[in-house]
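These are the residues of each chain, in order.
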Amino acid sequence: INDNPYQDPKLQEFLQGDGINTAWKGSTEILRRRKQIPSNEYDPQTVVNKCMQALQANDDPQLDHGCCVLLAFKSPFGLLSQGGLDPGGYGRFLRSTNYNPLIDNADFQLIG
């Protein structure tokens, strides 16, 4: 994984559009029921844990649900705010690059 995602050519190519994205067919309503929406009450560690836990079971309860959670928490000024990302497209990107260990991982550990 590139230490600086702004310099990752595959991510930049994806953000510009690869022409094969199809619309995501999931629902964001489930995020509210599972309390997977941003809140000022969450500290940074809670946000990272929510995102990583969702990515651990990326397709539960719907296809690319973990990516949906991650995109719900994205910074409005960050790299992921560029382009018209949807959970399905972001899931395809993660699965097809060196970022694929983020999806369906067995375990993660926050260091620091």
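Next up on the list: the nonpolar core. Among the nonpolar cores identified, the biggest contains 18 residues, and Leu55, Cys67, Leu70, Tyr90 and Leu94 are the most heavily contacted of them. Mapped by element, the contributors of at least two residues to this core are helix H3 (44-56), helix H4 (65-72) and helix H5 (87-95). In terms of residue count, H4 provides more of this core than any other element does, 5 residues in total.

Taken as a whole and judged by the stated rule, the model has 3 aromatic pairs. For the ring pair tyrosine 42 and phenylalanine 73, a centre distance of 6.2 Å and an interplane angle of 40° mean the geometry is tilted. Of this pair, tyrosine 42 sits in the loop between helix H2 (29-33) and H3 while phenylalanine 73 sits in the loop between H4 and H5, placing them 31 residues apart in sequence. Given a relative accessible area of 22%, tyrosine 42 falls into the partly exposed group. Arranged with centres 5.6 Å apart and planes meeting at 40°, the rings of phenylalanine 93 and tyrosine 99 form a pair that is tilted.

Time to look at unusual backbone geometry. Cis geometry marks the peptide bond from aspartate 60 to proline 61, where omega comes out at 10°. Mapped onto the elements of the fold, proline 61 is located in the loop between H3 and H4. A positive phi angle, close to 55°, is found at lysine 35, a residue other than glycine. Summarising the element assignment, lysine 35 is placed in the loop between H2 and H3. The class for lysine 35 is exposed, based on a relative accessible area of 58%. One non-glycine residue with positive phi stands out, namely aspartate 64, at about 60°. Looking at the element boundaries, aspartate 64 is found in the loop between H3 and H4.

Attention now moves to the confidence of the model for the protein. This prediction gives the protein a mean pLDDT of 85; 82% of its residues lie at or above 70. Per-element confidence in the protein is highest for H3, whose mean pLDDT is 95, and lowest for helix H1 (residues 9-16), whose mean pLDDT is 66.

Looking now at the pattern of salt bridges. Following the criterion strictly, the structure yields 2 salt bridges and no others. Between arginine 32 and glutamate 29 there is a salt bridge, with the nearest N and O atoms lying 3.5 Å from each other. Of this pair, arginine 32 and glutamate 29 are both found in helix H2, 3 residues apart, which corresponds to roughly one turn of the helix. Assessed through its relative accessible area of 44%, glutamate 29 is described here as partly exposed.

What counts, and at which threshold
- Residues numbered from 1 in each chain as written.
- Predicted model: local features only at pLDDT ≥ 70, side-chain atom pairs only at ≥ 80, totals over all residues.
- Heavy atoms only, no water.
- Core = buried A, V, L, I, M, F, W, Y, C linked by side-chain atoms within 4.5 Å.
- Buried < 20%, exposed > 50% of the residue type's maximum accessible area, 1.4 Å probe, protein only.
- Helix = DSSP H or I, 4+ residues; strand = E, 2+ residues; numbered from the N terminus.
- Phe/Tyr/Trp six-rings, centres within 6.5 Å; stacked < 30°, edge-to-face > 60°.
- pLDDT = per-residue confidence, 0-100.
- Salt bridge = Lys/Arg side-chain N within 4 Å of Asp/Glu carboxyl O.

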